Amino acid sequence: MATMYAALLRGINVGGSKKVPMPELRELLGQLGHGEVRTHLNSGNAVFRSESDDEEALAVGMETAIEQHFGLHVTCMVRAGSYLRAVLDDCPFPAADLSGSRLHAVFCSQPVTSEQFTSLDPTEYLPEEFRVGDRVLYLYTPGGLGTSRLSPALQRPSLLKGTETTSRNWNTVQKLVELTRA
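Residues numbered from 1 in each chain as written. Predicted model: local features only at pLDDT ≥ 70, side-chain atom pairs only at ≥ 80, totals over all residues. Heavy atoms only, no water.

Once that is clear, we can look at the pattern of salt bridges. As enumerated under the stated definition, the model contains 8 salt bridges in all. Notably, a salt bridge pairs aspartate 89 with arginine 85, separated by 2.8 Å at the nearest N-O pair. With aspartate 89 and arginine 85 both in helix H3 (residues 81-89) and 4 residues apart, the pair spans about one turn of that helix. One salt bridge in this structure joins arginine 135 and aspartate 134, with 4.0 Å as the shortest N-O distance. One salt-bridge network, in which partners are shared between bridges, spans Glu55, Arg79, Asp134 and Arg135. (Salt bridge = Lys/Arg side-chain N within 4 Å of Asp/Glu carboxyl O. Helix = DSSP H or I, 4+ residues; strand = E, 2+ residues; numbered from the N terminus.)

Structure (structure tokens):
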């Protein structure tokens, strides 16, 4: 049975670099054999249907196709709609009471643990806060992500140890859940 997925592309169409036009991305994903391809916003969010159940293989296939077509290395994370729904449902913050542009899901390429972040003193970053989830960090930045001190601290290579990340605000996470409903 085919599954609805979201592809989260890291760092495209931001600040004039790594330009990936969404119509071309949709066409490229269709050429890879994916169905019902749609994009959301211009910042690297695509949804599609696939018979494959291998998120990693789907991501590698997209990365290869994007590099061949656009000449850019773009990290892709592919997540099933059911996983995105669980991220939404498992949010440890009162999402309904917070601005969707101030709450973020930092998706991780592999599992992360609370122990990885013990060197961070959370009180140094207040009122910003984070929690660890299933291949995701929940990040609350009341002053916005652009001025966050906690976001870059969380993504230090010494803490992540080779884990790739890409962030989406809560509004985008909610929309991706809606778009991937089977």
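A few words now on the sheet that holds strand E3 (residues 45-50). An order of E2-E3-E1-E4 is seen for the 4 strands of this open sheet, with the pairing classed as antiparallel. Every other strand in the sheet has two partners, leaving strand E2 (35-40) and strand E4 (76-80) as the edge strands with one partner each. Direction aside, the axes of adjacent strands within the sheet are offset by 20° on average. The pairing of E2 with E3 spans 4 bridges and is classified as antiparallel. Its bridge partner being in E3, histidine 40 is matched across the sheet by asparagine 45. Where helix H6 (residues 170-179) meets the sheet, its contacts fall on strand E1 (3-9), E2 and E3, and the angle it forms with E2 comes to roughly 165°. (Pairing = 2+ DSSP bridges. Axes fitted to C-alpha atoms, helices over the stretch in contact; angles between N-to-C directions. Contact = heavy atoms within 4.5 Å.)

Attention shifts here to the nonpolar core. With 23 residues, the main nonpolar core has Leu9, Leu25, Phe48, Ile66 and Val78 as its most contacted residues. Put simply, the parts of the chain that give this core at least two residues each are E1, helix H1 (22-31), E3, helix H2 (55-70) and E4. When sequence neighbours within four positions are dropped, the list of residues in contact with isoleucine 66 reads Leu9, Leu25, Leu28, Gly71, Leu72, Val74 and Cys76. Within the second largest apolar cluster, 21 residues are counted, among which are Tyr83, Ala105, Val173 and Val177. (Core = buried A, V, L, I, M, F, W, Y, C linked by side-chain atoms within 4.5 Å. Buried < 20%, exposed > 50% of the residue type's maximum accessible area, 1.4 Å probe, protein only.)

What follows concerns H2. Taking 1.5 Å of rise per residue, 16 residues should cover 22 Å, and H2 covers 22 Å from first to last C-alpha, within 8% of that figure. Those residues of H2 that fall on the buried side of the exposure criterion are Glu55, Leu58, Ala59, Met62, Glu63, Ala65, Ile66 and Phe70. Looking at the buried positions of H2, the neighbouring elements they touch are E1, H1, E3 and E4. Two or three places before glutamate 56, at the opening of H2, aspartate 54 has a side-chain oxygen 3.2 Å from that residue's backbone nitrogen. Once H2 finishes, glycine 71 follows within two positions and takes phi at roughly 75°, a positive value. (Expected span 1.5 Å × (residues − 1). Polar contact = N/O pair within 3.5 Å; in protein donor to acceptor, adjacent residues only side chain to side chain.)

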